[in-house]
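Reading the structure
Chain residues, written in single-letter form:
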Amino acid sequence: MIQVVLKRKISQRVANGHPWIFANEVEKIEGTAIGGEIGEVFTHDKKFVGKGYINPKSQILVRLLTRERKDNINDQFFQDRILQCWEYRKKLGYTENCRLVFGEADSLPQLIIDKFNDYFVIQTVALGIDVWKPAIVNSINKIFRPKGIYERNDVPVRELEGMQQQKGFLSDPFETKIIISENGLKFYVDVENGQKTGYFLDQQDNRKAIKNIVKGADVLGAFTYTGTFEIHAAHYGAKSVLGLDISENAVRQATENARLNNLQDIVQFKTANAFDVLKQWSKEEKKYDVVMLDPPAFTKSRETIQKAITGYKEINLRGMKLVKPGGFLVTSSCTNLVSPELFLQIIDMAAKDARRRIRQVVFQTQSPDHPVVPGIETTQYLKFLIIEVQ
Ligand code: SAH
């Protein structure tokens, strides 16, 4: 097996349990490193660090799968891991839908598996995990006897790993627009053409968190995607709900979801650029009891972090202006590089500029099927905040 020897001063990050080893942290490689192979990692004085998969084409040379020397990385290893992931989710109360595998947080770097009842959507974003796709599919078949498995590897980061983007069935073909239930509501999930894996499971609990504040309210939701927050609002007793998204396809899906739950008289969806509309309507002094914002990630790189901060400040400032005194702003950020502290600071700046006093009602992260691991920053990405706007 290939042996990777780290530099004398091992990075604190690796020592603290982070599974990534960057090429510039490596002193030498013994053997020929072939992309996708399993290698053993040692400190400069030959202490065992872990086993992981290698990709010399990637800046991240090794991603560790285990810190246990006795673990053999084979088909059984993946089956055991996936079963552990399922046991953990069951313990937390998940039965139907959940993120079954959340990559690094489940010690299966760059593997995502979303479970939508009897259907599974998988992403293998690094070469070293992609080579185990047959083993992963077999494990899902053995553990769950699913009705279908779909691959959503149409993600550009795969190209950094020297792989192609691709999507398609990993089981017999099935009708890819499936229906799931969440919090007593039904939603279509388009696993083939929807965004990411088709549905944002990370907001499951946050959607429940709006229950009390939307009763009898006029609600505006921007960045609605398939309308999940808006349909929850209608279900929880809002008087009227309007959801906006720039994507016509999302608006079509959201409208179908409203009909699926027989809430089409309360909730409507429109295609619009939220940046323009929030600006225009706040100038016109339109008012809502509750405004909800859930934009896509504004940046993935540190170089453009300032752009993300400006974007968050802008939409939250406009959003606050649209809230009646004593109403609520429900606001999310999924930009991993914006820390919870920074997000709160941005909201505070926006409130000052909007000349509104605010009180924090709820501040939480993604649902527990996406566990946060201290020291692995990418696992802490979602910020979900409800504030009262006075
Ligand atoms: N709240 C949703 C997820 C939202 S994802 C849920 O819980 O399921 C972010 C959405 O913002 C995407 O659907 C994307 O189409 C939309 N979007 C991106 N830029 C936008 C813009 N400028 N105006 C309106 N919507 C936008």
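Reading the values: the criteria
- Residues numbered from 1 in each chain as written.
- Predicted model: local features only at pLDDT ≥ 70, side-chain atom pairs only at ≥ 80, totals over all residues.
- Heavy atoms only, no water.
- Near = heavy atom within 4 Å.
- Polar contact = N/O pair within 3.5 Å; in protein donor to acceptor, adjacent residues only side chain to side chain.
- Areas by Shrake-Rupley, 256 points an atom, 1.4 Å probe, with all protein chains shown as cover.
- Helix = DSSP H or I, 4+ residues; strand = E, 2+ residues; numbered from the N terminus.
- Nonpolar A, V, L, I, M, F, W, Y, C, P; charged D, E, K, R; others polar.
- 1 Å grid on protein atoms, 1.4 Å probe; cavity = no way out; pocket = protein on both sides within 12 Å on 5 of 7 lines; lining within 4 Å.
- Points joined across faces, edges and corners; volume = space filled by probe spheres on them.
- Domains from an automatic or database assignment.
- Contact = heavy atoms within 4.5 Å.
- Buried area = accessible area lost by both parts, 1.4 Å probe.
- Salt bridge = Lys/Arg side-chain N within 4 Å of Asp/Glu carboxyl O.
- Phe/Tyr/Trp six-rings, centres within 6.5 Å; stacked < 30°, edge-to-face > 60°.
- Buried < 20%, exposed > 50% of the residue type's maximum accessible area, 1.4 Å probe, protein only.
- Lys NZ or Arg CZ within 6 Å of the ring centre and 35° of its normal.

Next up on the list: the site of the ligand. The ligand sits among 17 residues. The nearest are Gln195, Arg207, Asp245, Ala274 and Asp294. Within the contact set of the ligand, an oxygen atom lies 2.9 Å away from a side-chain nitrogen or oxygen of Gln195. A distance of 3.5 Å separates a nitrogen atom of the ligand from a polar atom in the backbone of Phe223. Protein contacts shield 90% of the accessible area of the ligand, which totals 590 Å² for the unbound molecule. Secondary structure elements with two or more residues in the shell around the ligand: α7 (228-235) and α9 (274-283). Here the residues of the shell around the ligand are counted per class, giving nine nonpolar, five polar and three charged.

The next subject is empty space enclosed by the protein. For the coordinates displayed, the defined rule picks out one cavity of 30 Å³ or more. In this structure, the largest cavity encloses a volume near 30 Å³. In this structure, the largest cavity is lined by Leu6, Lys7, Lys9, Ile10, Ser11, Val14, Ile21 and Glu25. In terms of residue class, the lining of the largest cavity is made up of four nonpolar, one polar and three charged.

The domain boundaries assigned to the protein chain delineate domain 1 (2-66), domain 2 (75-175) and domain 3 (200-389). Between domain 1 and domain 2, the C-alpha centre-to-centre distance is 24 Å. Every contact between the two is made by 13 residues of domain 1 and, on the other side, 16 residues of domain 2. Both faces considered, domain 1 and domain 2 share a buried interface measuring about 1100 Å² in area, 60% of it formed by carbon and sulfur atoms. On the domain 1 side of the contact with domain 2, Tyr53, Arg63 and Leu65 bury the most area, a combined 46% of that side's loss. On the surface where domain 1 and domain 2 come into contact, there are one salt bridge. With a closest N to O distance of 3.1 Å, Arg63 and Glu161 form a salt bridge. Taken together, the links from domain 1 to domain 2 amount to six residue pairs in polar contact (both at pLDDT 80 or more).

According to the stated counting rule, one finds 20 aromatic pairs in the structure shown. Between Phe42 and Phe48, the ring centres sit 5.9 Å apart and the planes meet at 75°, which makes this aromatic pair edge-to-face. Residue classification places Phe42 among the buried positions, given a relative accessible area of 3%. Consider the rings of Phe187 and Tyr199, whose centres lie 6.0 Å apart with planes at 45°: the pair is tilted. Note that Phe187 is positioned in strand β13 (residues 185-190) and Tyr199 in the loop between β13 and α6 (204-208), a separation of 12 residues in sequence. For Tyr199, a relative accessible area of 2% puts it in the buried group. A connected cluster of aromatic rings, assembled from ring pairs, spans Phe223, Phe275, Phe298, Tyr312 and Phe343. Its guanidinium or amino end placed over the ring of Tyr188, Lys177 lies 4.9 Å from that ring's centre, counting from NZ or CZ. Cation over ring: Arg207 sits above Phe229, and NZ or CZ is 5.6 Å from the ring centre.

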